[in-house]
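Summary of structural features
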Amino acid sequence: RDASGTIEAAEFGSALDRMGVKVSNSAVEAMMREMDGDNDGTMDLEEFLAFGKKLMDTHTDASGNKHKLHEHDDKKAQTGRVTRKQQHAALVKMRRDQVEEVRSKVQMRKDKENTQRSFVEEAARAYAEREQQLRQEREDKAERNHERLLEERERKADKFRRDWMDADMRDHQEEDRRMRDELNRSSM
């Protein structure tokens, strides 16, 4: 009823009541414990079908003795799996609204599995895209850093050339002044 894809004790008790089966809360809880194969406090579709098969296979008489209603000649039935024939027989015994409720729960479970699968696929795709984006950003940053280093080296080389040329020019000018001074002193 709550669209969770599982049946809790209260939901099971209410379903039994709607079918006209009057049982106490303690009996509902005992049945739930017997049906709840994974002990999670709820009954999923597989647990419900397995319990239904068990009910179809045995009957408790008035003295409390369990009897098999029929023997399985079919090898598939001996595997513990519910056959299509058994599913059909169980569905025939159910009211139409109960059948629709079971079908709805099966569909919700399929939808949930598809949603989970889609979520995982989308998350993986988003992760891969983000990884690609980060890789590209790292490559772009490395390229910008490399270009910056090349520009810095070029600026330093230009500065060195200018400084060297300035120093060389100062040296030449100083040499020229000394030569002029010597010429002027020798001509005096």
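Details of the structure are given in the entry above.
Definitions and cut-offs
- Residues numbered from 1 in each chain as written.
- Predicted model: local features only at pLDDT ≥ 70, side-chain atom pairs only at ≥ 80, totals over all residues.
- Heavy atoms only, no water.
- Core = buried A, V, L, I, M, F, W, Y, C linked by side-chain atoms within 4.5 Å.
- Buried < 20%, exposed > 50% of the residue type's maximum accessible area, 1.4 Å probe, protein only.
- Helix = DSSP H or I, 4+ residues; strand = E, 2+ residues; numbered from the N terminus.
- Contact = heavy atoms within 4.5 Å.
- Arc of directions from axis to C-beta.
- Patch = residues over 30% accessible without salt bridge, like charges linked within 9 Å, V, L, I, M, F, W, Y side chains within 5 Å.
- Areas by Shrake-Rupley, 256 points an atom, 1.4 Å probe, with all protein chains shown as cover.
- Salt bridge = Lys/Arg side-chain N within 4 Å of Asp/Glu carboxyl O.

Some remarks on the nonpolar core
Buried together is how nonpolar side chains tend to be arranged in soluble globular proteins. If you look at the biggest cluster of nonpolar residues, it comprises 8 residues: Ile7, Phe12, Leu16, Val28, Met32, Met35, Met43 and Phe51. Counting residues per element, the ones that place at least two in this core are helix 1 (9-18) and helix 2 (25-35). No other element matches the 3 residues that helix 2 contributes to this core. Leaving out residues up to four positions away in the same chain, Met32 has contacts with Ile7, Glu8, Ala9, Phe12, Gly41, Thr42 and Met43.

Here's the deal with unusual backbone geometry
Located in the positive-phi region is Asn39, a residue other than glycine, with phi close to 55 degrees. Residue position: Asn39 is located in the loop between helix 2 and helix 3 (45-57). On the basis of relative accessible area, Asn39 is assigned to the exposed category, the value being 64%.

Observations concerning helix 1
Among the residues of helix 1, those classed as buried are Glu11, Phe12 and Leu16. Looking straight down helix 1, one finds its buried side chains confined to an arc of 135 degrees; they lie on one side. Buried positions along helix 1 lie against helix 2. Of the residues one or two after helix 1, Gly20 is the one with positive phi, at around 90 degrees.

A word on a nonpolar patch on the surface
A grouping of Met19, Val21 and Val23 is seen on the molecular surface, where their side chains present a nonpolar patch of about 210 Å² in accessible area. For Val23, the position within the fold is in the loop between helix 1 and helix 2.

Some remarks on helix 2
For helix 2, the set of buried residues is Val28, Met32 and Met35. Buried residues of helix 2, seen end-on, are gathered within an arc of 65 degrees and therefore sit on one face of the element.

What to know about the pattern of salt bridges
Inspection of the entire model under this criterion finds 6 salt bridges. Where Arg161 meets Glu154, a salt bridge forms, and the shortest distance between an N and an O atom there is 3.5 Å. The class for Arg161 is partly exposed, based on a relative accessible area of 40%. The salt bridge partner of Glu174 is Arg177, with a shortest N-O separation of 2.1 Å. Note that Glu174 and Arg177 are positioned in helix 5 (residues 96-187) at a spacing of 3 residues, about one turn of the helix. Since its relative accessible area comes to 33%, Glu174 is described here as partly exposed. The partly exposed category is assigned to Arg177, whose relative accessible area is 40%. Each of Glu154, Asp158 and Arg161 takes part in a single network of salt bridges with overlapping partners.

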